[in-house]
Amino acid sequence: MRRGIGIDRFITNMNTSLIQQFQTSIVILTSDYEIAFANPAFIEESGYREEELLGKKVNDFFMELGSISENRNGEIFIKTKSGEVTPKWMEINHFSPANDNHYIGLILLDVQMSGVDPLTKLPNRYFFYRYLNKAIKKAGVEKTLLALFYIDLDRFKFINDTLGHSYGDLLLKQASERLKRCVGTKNLVARMGGDEFIYLAEDLRDETDVDDLAQEILNSFSAPFQLKEIEIYISPSIGISMYPYDGDEIESLISNADSAMYRAKRSGRNKIEKAQLDVSAGAFEKLMVENDLRNALVKNELLLYFQPQIDLSKNEIVGMEALLRWNHPELGIVPPAEFIPIAEESGLIIPIGDWVMRAACLKIKAWMKEGQRIRISINLSAKQFLQNDLAEKFQQLIDETQIPPELLEIEITESMIMYNMGSATDVLNRLKKLGVYIAIDDFGKGYSSLSYLQKFPLDTLKIDRSFIFDIDSNPSSKALTQAISNLGHALDMKVIAEGVETSDQLAHVEKLQCDVVQGYYFSIPLTEDEAIQFLINFKGAK
Ligand code: C2E
Ligand code: MG
Ligand code: MG
């Protein structure tokens with residue numbers, strides 16, 4: 001006897017019928033949504049034994065059951081015994097054989113391959129969008145909490161570029177295995193492309209559930225990955241958005257989780273960050289900041305801080321990075337991360353950037369007058385980099401202030417070059433012709449390929465702070481810093497380690513032959529007055 005269900009003639013017929021031989025998965029449910037019959041194709045696919053399936057509620061094995069209860073064909077997900085989620089196209093048929101009970105027959109067809117990522121076998125982004133759409137509607141009706149975890153593997157790109165695609169693919173497969181292992185019955189993990197995954201959790205009670213899950217995902221990466229003969233530690237950066245707090249549609253939820261993920265990366269990787277309401281703040285607040293920013297220019301509220309860069313072998317200060325601050329009348333000193341994104345969005349970054357360029361040149365000149373010949377580096381935004389007259393602007397400033405161009409360094413990021421390959425060569429060559437130095441900032445953050453380095457006239461390579469951050473505890477950070485340092489030297493570039501805070505980190509970067517060090521260990525960013533005092537008082541690093 002099958003538990004819980006009487007043996008209907010209909011089911012008995014099924015068990016002896018041709019359906020047994022179908023390659024397509026077929027499941028028959030009672031009107032109470034219990035499994036009355038499963039053909040061998042489904043049994044094999046589910047990974048369960050027949051007796052584990054029969055008589056059980058269908059929601060133990062399927063996700064997204066809305067379409068069954070609404071009685072319409074559509075997508076559904078089989079949850080296999082090993083925890084995998086397989087998307088299927090489901091067709092529903094009803095049977096009411098004479099004198100027998102009512103049955104619901106499900107024919108489960110493979111969705112087009114386009115719904116599945118071939119490498120990891122996870123649902124792909126297109127599939128995920130459709131799934132999320134339904135999940136949002138369901139959560140809206142049931143008044144439950146949804147959480148979206150946007151997961152990006154730290155330094156994946158770098159590993160892919162240095163070790164090769166076969167290692168990269170292996171890493172992606174192993175990472176998806178680990179993510180799948182965190183999947184509970186109500187969750188889904190999908191590959192968004194590249195090294196990005198989204199983990200969606202439904203039916204959550206409160207934020208503690210969200211925090212626990214995030215921690216579980218993070219923990220699943222604590223053991224090293226074995227990529228053929230290489231053992232490597234890879235951490236994820238996780239950004240979280242929640243329905244209904246951070247958005248009530250696909251786009252806002254994904255983009256808020258995505259920007260939280262970038263914040264996690266910026267704050268040093270292997271981190272969890274939640275979407276911030278103020279970042280995705282309403283247009284009104286943005287407008288307020290924008291207005292204040294416009295005024296900031298007029299009222300002269302912008303200022304530069306300076307952070308010393310120390311050459312370890314020469315034992316001297318070789319440069320100062322100019323870091324922008326906004327002295328807000330009510331908020332006090334505001335760091336760039338809080339207003340540059342708004343400046344970029346509104347276009348204000350151009351006049352603000354012009355101000356920075358001029359202020360830096362004037363400072364070079366002022367310090368020269370005090371007998372301090374020191375190079376100042378300034379940071380550029382993507383929008384500034386794309387200005388046609390950028391080189392002319394610098395030329396004019398150099399002419400006007402009469403500073404030696406080699407005392408000016410321009411910091412750009414990998415992504416600025418990567419997204420503008422065509423024009424970047426031209427812009428950089430024109431800048432280089434002026435005699436200024438060019439640096440790649442935040443190198444290794446992992447957005448680009450390495451081959452571009454030799455194509456451009458670059459002088460300095462600044463290793464991203466996140467590598468230095470755990471250089472004494474994470475062997476792969478150390479190995480990658482070593483690799484970047486070697487690469488920079490091979491291409492005749494000066495290598496700067498950013499974010500050196502401790503003497504241990506200093507010892508490591510020195511051993512890895514980084515030429516120059518910048519970070520709190522020597523000094524935090526200083527006001528103009530403090531900076532000149534630092535220059536005068538500096539007696540050497542050792
Ligand atoms: P960045 O160019 O990578 O600058 C280094 C950042 O790391 C600075 O943050 C600096 O204060 C911080 N830092 C330096 N040493 C350490 C350390 O030892 N530990 C830690 N935890 N942090 C350290 P800041 O000043 O907040 O600037 C953030 C970013 O804002 C800069 O990153 C740069 O991308 C951007 N930025 C700054 N000034 C300008 C500017 O004038 N124009 C543009 N477009 N962007 C700017
Ligand atoms: Mg910089
Ligand atoms: Mg940097």
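Since this is a predicted model, take the numbers as computed values, not measurements.

A.B. asks: Would you take a moment to explain the overall build of the protein for this structure?
C.D. replies: For the protein, the helix and strand inventory stands at 20 helices and 22 strands. Each principal axis of the C-alpha distribution contributes one length, and for the protein these read about 105 × 55 × 40 Å. In the protein, buried positions account for 52% of the 542 residues. When contacts within the protein are restricted to residue pairs at least 6 apart in sequence, long-range pairs at least 24 apart make up 63% of them. For the protein, the accessible area works out to roughly 24500 Å², and carbon and sulfur atoms hold 51% of it. Here the protein contributes 58 positively and 79 negatively charged side chains, and the mean placements of these two sets differ by 2 Å.

A.B. asks: Would you explain the sheet that holds strand S13 (residues 272–274) in this entry?
C.D. replies: Strand pairing in a sheet is mediated by backbone hydrogen bonds. Such pairs are either parallel or antiparallel. Strand order in the open sheet formed by five strands is S8-S9-S7-S12-S13, with mixed pairing between adjacent strands. Only two strands of the sheet have a single neighbouring strand rather than two, namely strand S8 (187–193) and S13. Between one strand axis and the next, the sheet turns by 20° as a mean value, whatever way the strands run. Both strand S12 (residues 236–243) and S13 contribute to a ladder of three bridges, which runs parallel. The residue bridging Ile 240 from the neighbouring strand is Lys 274, located in S13. Seen against the sheet, helix H5 (residues 125–142) touches strand S7 (145–153), S8, strand S9 (196–204) and S12 and runs at an angle of roughly 20° to S9.

A.B. asks: Is there a simple way to think about the coordination of the magnesium ion (ligand 3) in this case?
C.D. replies: Ideal geometry at a metal centre gives angles of 109.5 degrees when four donors are arranged tetrahedrally and 90 or 180 degrees when six donors are arranged octahedrally. For the magnesium ion (ligand 3), the full set of protein donor atoms is Asp 441 (OD), Asp 442 (OD), Glu 498 (OE) and Glu 498 (OE), at a range of 2.0 to 2.6 Å. Taken in sequence order, the residues that donate to the magnesium ion (ligand 3) follow the motif D-D-x55-E. Given a relative accessible area of 6%, Asp 441 falls into the buried group. Glu 498 sits in the buried class, given a relative accessible area of 11%.

A.B. asks: Sorry, what's going on with the coordination of the magnesium ion (ligand 2) here?
C.D. replies: Within the protein, Glu 321 (OE), Asn 379 (OD1), Glu 411 (OE) and Asp 441 (OD) serve as the donor atoms for the magnesium ion (ligand 2), at 2.0 to 2.2 Å. Sequence positions of the donors to the magnesium ion (ligand 2) reduce to the motif E-x57-N-x31-E-x29-D. The distance between the magnesium ion (ligand 2) and the magnesium ion (ligand 3) comes to 3.9 Å, with Asp 441 serving as a donor to both metals. Here Glu 411 is found in strand S18 (residues 408–413), whereas its partner Asp 441 is found in strand S19 (residues 437–443), with 30 residues between them in sequence. With relative accessibility at 1%, the residue Glu 411 sits in the buried group.

A.B. asks: I keep staring at helix H16 (residues 421–434) and nothing clicks. Help me out?
C.D. replies: Because each turn of an α-helix spans 3.6 residues, side chains separated by three or four positions in sequence point in the same direction. Its 14 residues give H16 an end-to-end C-alpha distance of 21 Å, which sits within 8% of 20 Å, the value for a rise of 1.5 Å per residue. Residues of H16 that are buried sit in contact with helix H13 (382–385), helix H14 (390–401), S18, helix H15 (414–418) and S19. Where H16 terminates, the next one or two residues include Gly 435, which has phi positive at roughly 100°.

A.B. asks: Before we go on, may I ask you to explain the site of ligand 1 in this structure?
C.D. replies: In the vicinity of ligand 1 there are 23 residues, among which Arg 325, Asn 379, Asp 441, Glu 501 and Tyr 520 approach most closely. A distance of 2.9 Å is found between an oxygen atom of ligand 1 and a side-chain nitrogen or oxygen belonging to Glu 321. Tyr 520 places a polar main-chain atom, nitrogen or oxygen, 2.8 Å from an oxygen atom of ligand 1. Considered on its own, ligand 1 offers 800 Å² of accessible surface; in the complex 83% of this is hidden by protein. Secondary structure elements with two or more residues in the shell around ligand 1: strand S15 (316–328) and S19. Split into classes, the residues belonging to the shell around ligand 1 amount to nine nonpolar, six polar and eight charged.

A.B. asks: Would you mind going over the nonpolar core with me for this structure?
C.D. replies: A general tendency of soluble globular proteins is for nonpolar side chains to be buried together. The biggest cluster of nonpolar side chains holds 78 residues, and the ones touching the most others in it are Trp 367, Phe 385, Phe 394, Ile 412, Leu 428 and Leu 431. With nine residues, the top contributor of residues to this core is helix H12 (residues 349–369). When neighbours within four sequence positions are excluded, Trp 367 is seen to be in contact with Phe 306, Met 320, Gln 372, Ile 374, Ile 376, Glu 528, Ala 531, Ile 532 and Leu 535. By size, the runner-up hydrophobic cluster in this structure holds 33 residues, among which are Ala 201, Leu 204, Ala 214 and Ile 234.

A.B. asks: It is not clear to me how the packing of aromatic side chains should be interpreted in this structure. Could you clarify?
C.D. replies: Centre-to-centre distance and the angle between the planes together describe a pair of aromatic rings. In the structure shown here, the tally under the stated rule is eleven aromatic pairs. Ring centres of Phe 149 and Tyr 199 lie 5.6 Å apart, and the angle between their planes is 90°; this geometry places the pair in the edge-to-face category. Of this pair, Phe 149 sits in strand S7 while Tyr 199 sits in strand S9; the two residues are 50 residues apart in sequence, bridging distant segments of the chain. The exposure class assigned to Phe 149 is buried, which follows from its relative accessible area of 0%. Ring geometry for Phe 221 against Phe 225: centres 5.7 Å apart, planes inclined by 50°, an arrangement best described as tilted. Across the pair, exposure class does not vary: Phe 221 and Phe 225 are buried alike. Aromatic ring contacts, followed pair by pair, group Phe 77, Phe 127 and Tyr 131 into a single cluster.

A.B. asks: Explain the environment of Pro 351 to me, please; I cannot follow it from the model alone.
C.D. replies: Tracing the backbone shows Pro 351 in helix H12. Placed 33 residues apart in sequence, Pro 351 and Gln 384 show a C-alpha to C-alpha distance of 9.4 Å.

A.B. asks: Explain unusual backbone geometry to me, please; I cannot follow it from the model alone.
C.D. replies: The bulk of non-glycine residues show a negative phi, and the bulk of peptide bonds are trans. Of the consecutive residues Tyr 243 and Pro 244, the connecting peptide bond is found in the cis state with omega at 10°. Relative to the elements of secondary structure, Pro 244 occurs in the loop between S12 and helix H9 (250–266). Positive phi outside glycine occurs at Asp 492, with the angle close to 65°. Looking at where Asp 492 falls in the secondary structure, it is placed in the loop between helix H18 (475–490) and strand S21 (494–498).

A.B. asks: Mind showing me how you'd approach the pairing of S7 here?
C.D. replies: Consecutive side chains of a regular strand alternate in pointing toward one face of the sheet and then the other. Buried residues dominate S7, accounting for nine of its nine residues. Burial along S7 is two-sided: Leu 145, Ala 147, Phe 149, Ile 151 and Leu 153 facing one way and Leu 146, Leu 148, Tyr 150 and Asp 152 facing the other are all buried. Relative to S9, S7 runs antiparallel, the two sharing seven bridges. Its bridge partner lying in S9, Leu 148 is registered against Leu 200.

A.B. asks: Any chance you could explain the packing of H12 against H14 here in plain terms?
C.D. replies: Each pair of packed helices can be described by the angle between their axes along with the distance between the axes. Packing of H12 against H14 leaves a shortest axis separation of 10 Å and a crossing angle of 30°. Between H12 and H14, the angle falls in the class roughly parallel. Along this stretch, H12 crosses H14, giving a crossing that reads as right-handed. Of the residues in H14, those in contact with Ile 350, Asp 354, Met 357, Arg 358, Cys 361, Leu 362 and Lys 365 of H12 are Leu 390, Lys 393, Phe 394, Leu 397, Glu 400 and Thr 401. Tallied by class, residues from the contact of H12 with H14 come to seven nonpolar, one polar and five charged.

Conventions we followed
Residues numbered from 1 in each chain as written. Chains lettered and ligands numbered in written order. Predicted model: local features only at pLDDT ≥ 70, side-chain atom pairs only at ≥ 80, totals over all residues. Heavy atoms only, no water. Helix = DSSP H or I, 4+ residues; strand = E, 2+ residues; numbered from the N terminus. Buried < 20%, exposed > 50% of the residue type's maximum accessible area, 1.4 Å probe, protein only. Contact = heavy atoms within 4.5 Å. Areas by Shrake-Rupley, 256 points an atom, 1.4 Å probe, with all protein chains shown as cover. Lys, Arg positive; Asp, Glu negative; His and termini not counted. Charge placed at Lys NZ, Arg CZ, Asp CG, Glu CD. Pairing = 2+ DSSP bridges. Axes fitted to C-alpha atoms, helices over the stretch in contact; angles between N-to-C directions. Donors = N, O, S within 2.8 Å, 3.2 Å for Na, K, Ca; no water. Expected span 1.5 Å × (residues − 1). Near = heavy atom within 4 Å. Polar contact = N/O pair within 3.5 Å; in protein donor to acceptor, adjacent residues only side chain to side chain. Nonpolar A, V, L, I, M, F, W, Y, C, P; charged D, E, K, R; others polar. Core = buried A, V, L, I, M, F, W, Y, C linked by side-chain atoms within 4.5 Å. Phe/Tyr/Trp six-rings, centres within 6.5 Å; stacked < 30°, edge-to-face > 60°. Parallel < 35°, antiparallel > 145°, perpendicular 65-115°, else oblique. Left-handed = near helix turned anticlockwise from the far one by under 90°.

Interpretation note: all reported values are geometric properties and have no functional meaning in isolation.
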